[in-house]
Amino acid sequence: MTKKEAILRAAQEAFGQLGFHAATVKDVAGRADVSFGLVSHYFGSKQELFLAAGFDMADRLILRLSEATAKAKNGMEAIRAYMTAYFAFTEEHRAGFPVLLRCSPFSHMEPGVDGAKVMEKFSIFIDELKRCVALGIEDGTIRSLPLEQTALIIYGNIVGSVRTNLLSPYESTGLFAETINHVERSITIDADQAGEHRLFNGLPLAQ
């Protein structure tokens, strides 16, 4: 790990645990075992360091989600793969992942942080969900639903479960699996709708 990478990891842990205002650049430098000046050299201001830490975590998660959904055979499978990969990633990065919750328009936005940049980054998460929902509606595994609202609701369920798992005192055993099941039950096309979908698209009905 390079010193720059060590600083990012330290910043993710510090900001994730303490928040933007309570964490200090000095604390980040100490965790990374580098000089205060080196942190500023690589990342500039505290706000820039915070965004870099959050966006690094976001970019790695986005890559994981893209890889997971690319293997899906249909829309519903893509949604399931997206959520499974998202939850697995949070477990693998428990120490640093909360920085993404603190640098997010869906859970908490620290005062003084550039909200436009954050919204632009997080739109990638929503756009991928919209693509998966649209695919499912087209292939008949997801019932007809408004794309934007459905993607936002699914992402809201994900964020709520992650916050409960990482930041709350509530017992959360099995929460991720049940969240996936809940979303699937909410958007899956039922038997009657499936028949109508196949008939509408000129496909033979299942016997």
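Novice: Account for the overall build of the protein, naming residues and giving values.
Specialist: Summing up its helical and strand segments, the protein has 10 helices and 2 strands in all. Tracing the protein from N to C terminus, the helices and strands come up as α-α-α-α-α-α-β-β-α-α-α-α. In the protein, which comprises 207 residues, the proportion classed as buried is 44%. Across the protein, every contact between residues at least 6 apart in sequence was considered, and the portion connecting residues at least 24 apart equals 68%. Counting only carbon and sulfur atoms, one obtains 56% of the accessible surface of the protein, whose full area is about 10600 Å².

Novice: Quick rundown of the confidence of the model for the protein? Include the residues and the values.
Specialist: Per-residue pLDDT for the protein averages 89, and the proportion of residues at 70 or more is 89%. Within the protein, helix α10 (residues 191-200) has the poorest average pLDDT of any element, 46, and helix α5 (residues 75-92) the best, 98.

Novice: If you had to explain the packing of aromatic side chains to someone new, which residues and values would you point to?
Specialist: Counted under the stated rule, the structure contains 12 aromatic pairs. Considering the side-chain rings of Y86 and F97, the 6.1 Å spacing of their centres and the 75° angle between planes classify their relative orientation as edge-to-face. Pair noted here: Y86 is in helix α5 and F97 is in the loop between α5 and α6 (98-102), with a separation of 11 residues, a long-range link. By the burial criterion, Y86 is buried, and F97 matches it. Here the aromatic residues Y82, Y86, F89, F97, F122, F125 and Y155 are joined through ring pairs into a cluster of three or more. One residue, K121, lies across the ring of F55, its end atom 5.3 Å from the ring centre.

Novice: I'd love a proper account of the pattern of salt bridges, names of residues and values included.
Specialist: Under the defined criterion, the tally for this structure stands at 11 salt bridges. D27 is paired through a salt bridge with R31; the nearest N and O atoms lie 3.2 Å apart. Note that D27 and R31 are positioned in helix α2 (residues 25-32) at a spacing of 4 residues, about one turn of the helix. For K130, the salt bridge is made with E148, and the minimal N-O distance between the two is 2.9 Å. Of this pair, K130 sits in helix α7 (residues 115-139) while E148 sits in helix α8 (residues 147-167); the two residues are 18 residues apart in sequence, bridging distant segments of the chain. Take K130: its relative accessible area is 22%, and that puts it in the partly exposed class.

Novice: Help me get a handle on unusual backbone geometry, residues and values and all.
Specialist: A negative phi angle is the norm for most residues apart from glycine, just as the trans form is the norm for most peptide bonds. Despite not being glycine, D33 has its phi angle at roughly 60°, a positive value. For D33, a relative accessible area of 70% gives the class exposed.

Novice: Any chance you could break down α8 for me, citing the residues and the numbers?
Specialist: Given 3.6 residues per turn, any residue in an α-helix points the same way as the ones three and four places further on. Over its 21 residues, α8 runs 29 Å from end to end, which matches the ideal 30 Å to within 8%, given 1.5 Å per residue. Among the residues making up α8, those that are buried are T150, A151, I154, Y155, I158, V159, S161, V162, N165 and L166. Its buried side turned inward, α8 meets α5, α6, α7 and α9 (175-187).

Conventions adopted
Residues numbered from 1 in each chain as written. Predicted model: local features only at pLDDT ≥ 70, side-chain atom pairs only at ≥ 80, totals over all residues. Heavy atoms only, no water. Helix = DSSP H or I, 4+ residues; strand = E, 2+ residues; numbered from the N terminus. Buried < 20%, exposed > 50% of the residue type's maximum accessible area, 1.4 Å probe, protein only. Contact = heavy atoms within 4.5 Å. Areas by Shrake-Rupley, 256 points an atom, 1.4 Å probe, with all protein chains shown as cover. pLDDT = per-residue confidence, 0-100. Phe/Tyr/Trp six-rings, centres within 6.5 Å; stacked < 30°, edge-to-face > 60°. Lys NZ or Arg CZ within 6 Å of the ring centre and 35° of its normal. Salt bridge = Lys/Arg side-chain N within 4 Å of Asp/Glu carboxyl O. Expected span 1.5 Å × (residues − 1).

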